[in-house]
Amino acid sequence: MKNSSPRFRSVATTLAVALTLTLAAAAGCDNRQDPPLPSVLDKLRESHIDGQPKIRVGVAATEPLMGELRNGTYVGFDIEIARYIAASLGYEGDQRIEFVSLATEDRIPALQGGVVDLVVSSFSITEERKKQIGFAGPYFVTTQEVMVPNRLKDKIRTIEDLRDPTYKICTSGGSTTEAELEKHQVKALVVKRVGDCVKGIREGRYDAVSSDETILAGFLSQYPTEFEIVDMPFGTSETLGIGVPIGDPALRDLVAFFLDKSYQQGRSGISSPWLTAYNRTLGPWMKGPKAQPQPLDVPKLVDFDDKAPRR
Amino acid sequence: MSAPVVDAPAVPATRDGGPAGPAWEGNDPAERRARASQSFWTAVVGVPAIFSVLRLGVEAGGELQTTLLLVANVGPVNLLAGFLTTAARLLSTGLVAVFALGAVLRVSVERMPAGARRPLFVRWVDITPAWFVVASFLLALVTWQLLYLPLLIPAFVAAFQLTPARLHEQVAPRLLLLAALFVGYAWLLAPTLRDAWRQGELLALLLLVAPPLLALGVTGPLPAAVIRPLASLTEAAVLAMLVWAALPVISTPVLPLTVTTVESTPGVTEDVRGHVVTVDDVNVVLLQERGGVRYVPVDQVRAQVLCPSEEELPRHRLRIRDFHVEDSLLEGTGRRVRPVHRIDAACRAVS
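Residues numbered from 1 in each chain as written. Chains lettered and ligands numbered in written order. Predicted model: local features only at pLDDT ≥ 70, side-chain atom pairs only at ≥ 80, totals over all residues.

1. Quick look at the sheet that holds strand S1 (residues 257-265) of chain B
Residues and elements named next belong to chain B. The condition that has to hold: Here, a strand pair is defined by DSSP locating no fewer than two bridges between the strands. Only DSSP runs of H or I covering at least 4 residues are called helices, and only runs of E covering at least 2 are called strands; the numbering of each starts at the N terminus. To get an axis, fit a line to the C-alpha atoms, keeping to the stretch in contact for a helix; angles then go from 0 to 180 degrees between the N-to-C directions. Note that contacts rest on C-beta atoms placed from the backbone: two residues are in contact if these are within 7 Å.
In spatial order, the strands read S4-S3-S2-S1-S5; together these 5 strands make up an open sheet with antiparallel pairing. Each end of this open sheet is capped by a strand with a single partner; those strands are strand S4 (293-297) and strand S5 (301-306). Taking each pair of neighbouring strands and ignoring which way they run, the sheet shows an average axis angle of 45°. Pairing analysis gives 5 bridges linking strand S2 (residues 268-279) to strand S3 (residues 283-288), with the strands arranged antiparallel. Along S3, the bridge assignment pairs His275 with Leu287. Sheet strands in contact with helix H2 (residues 64-73) are S2 and S4, and its direction is about 60° off that of S2.

2. A word on the nonpolar core
We count it as follows: For the purposes of this analysis, a nonpolar core is taken to be any set of buried Ala, Val, Leu, Ile, Met, Phe, Trp, Tyr and Cys residues that are connected through C-beta atoms within 7 Å. Burial is judged by counting the other C-beta atoms within 10 Å of a residue's own C-beta: 20 or more makes it buried, 12 or fewer makes it exposed, and any count in between marks it as partly exposed, with every C-beta position built from the backbone.
Formed by 76 residues in total, the largest nonpolar core has its most connected members in Val57, Ile85, Leu118, Ile242 and Val255 of chain A. In contact with Leu118 of chain A, not counting residues within four places along its chain, are Ile55, Val57, Gly58, Ala82, Ile85, Ile242, Gly243, Val244 and Val255 of chain A. If you look at the next biggest cluster of nonpolar residues, it comprises 56 residues, including Ala24 of chain A together with Leu91, Trp144 and Leu152 of chain B.

3. Considering the interface of chain A and chain B
Which entries qualify depends on this criterion: Gly counts as polar in this scheme, as do all residues outside two lists: the nonpolar Ala, Val, Leu, Ile, Met, Phe, Trp, Tyr, Cys and Pro, and the charged Asp, Glu, Lys and Arg.
In this assembly, 38 residues from chain A lie in contact with 43 residues from chain B. The residue makeup of the side of chain A that touches chain B, split by class, is 21 nonpolar, 8 polar and 9 charged.

4. Examining helix H5 (residues 130-143) of chain B
All names here are of chain B. Rules: Under the convention used throughout, the expected extent of a helix is 1.5 Å for every residue step, that is, one less than its residue count. Along the arc lie the directions from the helix axis toward the C-beta atoms.
Along its 14 residues, H5 runs 20 Å from first to last C-alpha, staying within 8% of the 20 Å computed at 1.5 Å per residue. Those residues of H5 that fall on the buried side of the exposure criterion are Val133, Ser136, Ala140 and Thr143. Down the axis of H5, the buried side of the element spans an arc of 110°, and every buried residue falls inside it. Residues Ala130, Trp131 and Leu138 are exposed on H5 and point more than 90 degrees away from its buried face. Buried residues along H5 sit in contact with helix H3 (76-108), helix H6 (152-159) and helix H10 (329-337).

5. A word on the sheet that holds strand S2 (residues 62-63) of chain A
Residues and elements named next belong to chain A. Sheet architecture is open: 3 strands sit in the order S2-S3-S4, paired in antiparallel fashion. Among the strands making up the open sheet, the edge pair consists of S2 and strand S4 (73-75). Across 2 bridges, the pairing between S2 and strand S3 (residues 67-70) is antiparallel. In the sheet register, Thr62 faces S3, and the bridge partner there is Glu68.

6. Notes on the environment of Ile159 of chain A
All names here are of chain A. In this fold, Ile159 is placed in helix H6 (residues 159-163). For the pair formed by Ile159 and Met232, sequence separation is 73 residues and the distance between their alpha carbons is 6.6 Å. Apart from the residues within four sequence positions on either side, Ile159 is in contact with His184, Val186 and Met232.

7. As for the packing of H3 of chain B against H6 of chain B
Residues and elements named next belong to chain B. The test is simple: In what follows, roughly perpendicular refers to angles from 65 to 115 degrees, roughly parallel to angles under 35, roughly antiparallel to angles over 145, and oblique to any angle outside these ranges. Helix crossings fall into two classes, left-handed where the near helix is turned counterclockwise from the far one by less than a right angle and right-handed where it is turned clockwise.
Viewed as axis vectors pointing N to C, H3 and H6 meet at an angle of 45°, and their least axial separation amounts to 7 Å. Considered as vectors, H3 and H6 are oriented oblique to each other. Helix-helix and strand crossings are classified by hand; for H3 and H6 the assignment is left-handed. Residues Val96, Phe99, Ala100, Ala103 and Val104 of H3 form the contact with H6, whose participating residues are Leu152, Ala155, Ala158 and Ala159. Tallied by class, the residues present in the contact of H3 with H6 amount to 9 nonpolar, no polar and no charged.

Okay, here's the thing in C-alpha cells:
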C-alpha cells in the first residue's frame, strides 16, 4: 500500500504512532474521570433519607389485600412494594422499616410535614396532587368494577343492568367511581366507605357495589363465597404511584429507578419483585392476569449490577 | 530518560542477525545484553513486589501498627494473588507498551546516527524471549477492558511487525483480506458503535474505530529525526503512566470490603463497613473503611455481607454483544458463569 514511497510511509508511520499514543493517553485519562452519569449511591447521598437508621413508610392499615394490619404485621400488595423499595434503598427487613398507618386524607400532609419518607397506599396519581408532592410510578393501574352477591351474579352483567331501577347500586362518596357512574346514568346510593356498601349487600339493603378493582378484590378475599366481581367496560382507569416529598427529587428518582428495574426484570421474562408481590396478594383475587405498568420519568442511573449480562 | 549519546569509537556489534548496534565503552555486547536482561527482569519482578508492600501501608491508612497487623495477617501468597487480580491490567499495559514501542524503534534504529546508543526499549526487546512478549499480549487480551482492547491491535501489529504486506505478496488478495478483516470487525461492533453514537460517546467511538485503521501504519520504520525524541518521550511517558496508574492500584484494597452488623448491646445493631483482617475464636478484626482497626467479639456479629466498592461503578452504558465495555474478557466470561449479582441492602445503607 505504502511501499511506493518510503518517505510517505515514514510520515504515515509517525502519524500512526503518534495518534495511537494520543488515543492511549486519552483512554488513560478517560478511565480516571468520574462517571458522567449519577449513580444510585450519589442519589442516595442527595436524598433526605441518607444516614437515617430507619425508613418511614406511610401505608394503609384497613385495605384488605393492599395494606392491612393483621395480627400486628402489615400485609398486602402496597406493603410488599414498600418492602421492595425500602430494601433497594438499603433498608432490608422490617426492623429497618417503620410503617406508619395513614388515613386517606392524611397522606399528603404526612409527606409535607416530614412524618413519613414515602407513601405507598393506593395513591392515585393526579395533576392536582402532583403540585403538592412528588410521584414515582405508576406501579399499578386499576379500573372500575362492580361486585355483586352470588344471588345476582347472573342478573347483573352489564352497565345497562345497573341502570335498572330495581337494583340498588352502592358506592363510596367523593370517589372517582361516583362521577363515573353518574356519567353512565347509573343512579347510585352513596355511602362513606366501600366497606359500608359490602356490609349493606350482606344485610340485603343493596344489590351491587362499584369501586376500584383492587378495593373490591380486597372485600372479595374476605367473603370469597358470597360475591363475584363483574367485569364492566367503564372508561376510566387510575394509576397508582408512590408518594415522596416534593422537595426530594433524588428520592423520587431512586424510587422510579427501582420500580423500573422491577419492570425491566418482568419484561425479560424472569420473575420480578412486582410480580412476586402481586401473586402473593392481589393476584388470586383479580380477574385476568396483570402486568406491571411502565414507570414514567425514570432517570438514567448507574449501579453496580449494570455490567451483568442482559440475556 | 534516554541514555546519553556516546561518541566513543563505535565497535560494530556482533549479535547474530541483529542490526549493528554501537557498543558501550569497553564492554562487550554479551555483557551489555546480560546487564539489560538483568534490569528488565528486576523491573518485571521487583515492581510488583514493591507495589504489594506499599499497598499494605496505604491500606492501613499510613499507621505503622495497622500496617504491621496487616503484614502479620496477609500472607505473601494472598498478597501476590491480590496484587495480580488488581494490577494485571497495569502490568500488561506497561509490558505491551514497551514491546510495541521497542519493536517500532528497533526497525527504525538503523537510521540513527552511527555511534548512537540503542534506546532502552529496543535493548529490552532485544533480550526478551518471544514467548514472554506473547504471554504479555495474552495477559492484556484477557485483562484489558473491552473498550480499550482495540488498542491492542496496533500494539500487536507493531510488536510483531505485521505489515499488510505479510498478509499476501500480491496487492489484490491483500486488499481483499484486509477488507474481510475490517468487515468482520465492523460487524462485531456495529450495534455498539450505533449506541455510542446515540449516547454521544465520541471518545468511545474513536477508541473502537480508530485503532484497527492505525494498525495499518504503525509498523515503522520511523524517520531518523523522530527516533530519538520519540524514544526519550515514550520512555518518560511509560514511566509516568506507570506511576500515574500505579496510584489507584496502590490504593486498591487488598482485602475484600464487607459490611458487618454488630449487636454490641441487646437490641441495638450497628453496621461497620470495612475489611476483615482476620477472625479468631475471640474477635473479628475489622479494618474500618473510614480508618482504624476494630476488634469485634465474635458473639456480637449478627451478619456480614460482601459489598462492591465505589470504584467498581461502571462509567459507560455500552455493550459489545452483551459484554459490558468496561469488563475484560475474563470478567465478562465470569459474569456469564454467575450471571445474577445482587447488591445487598446493607451495602447501601452505610455510607
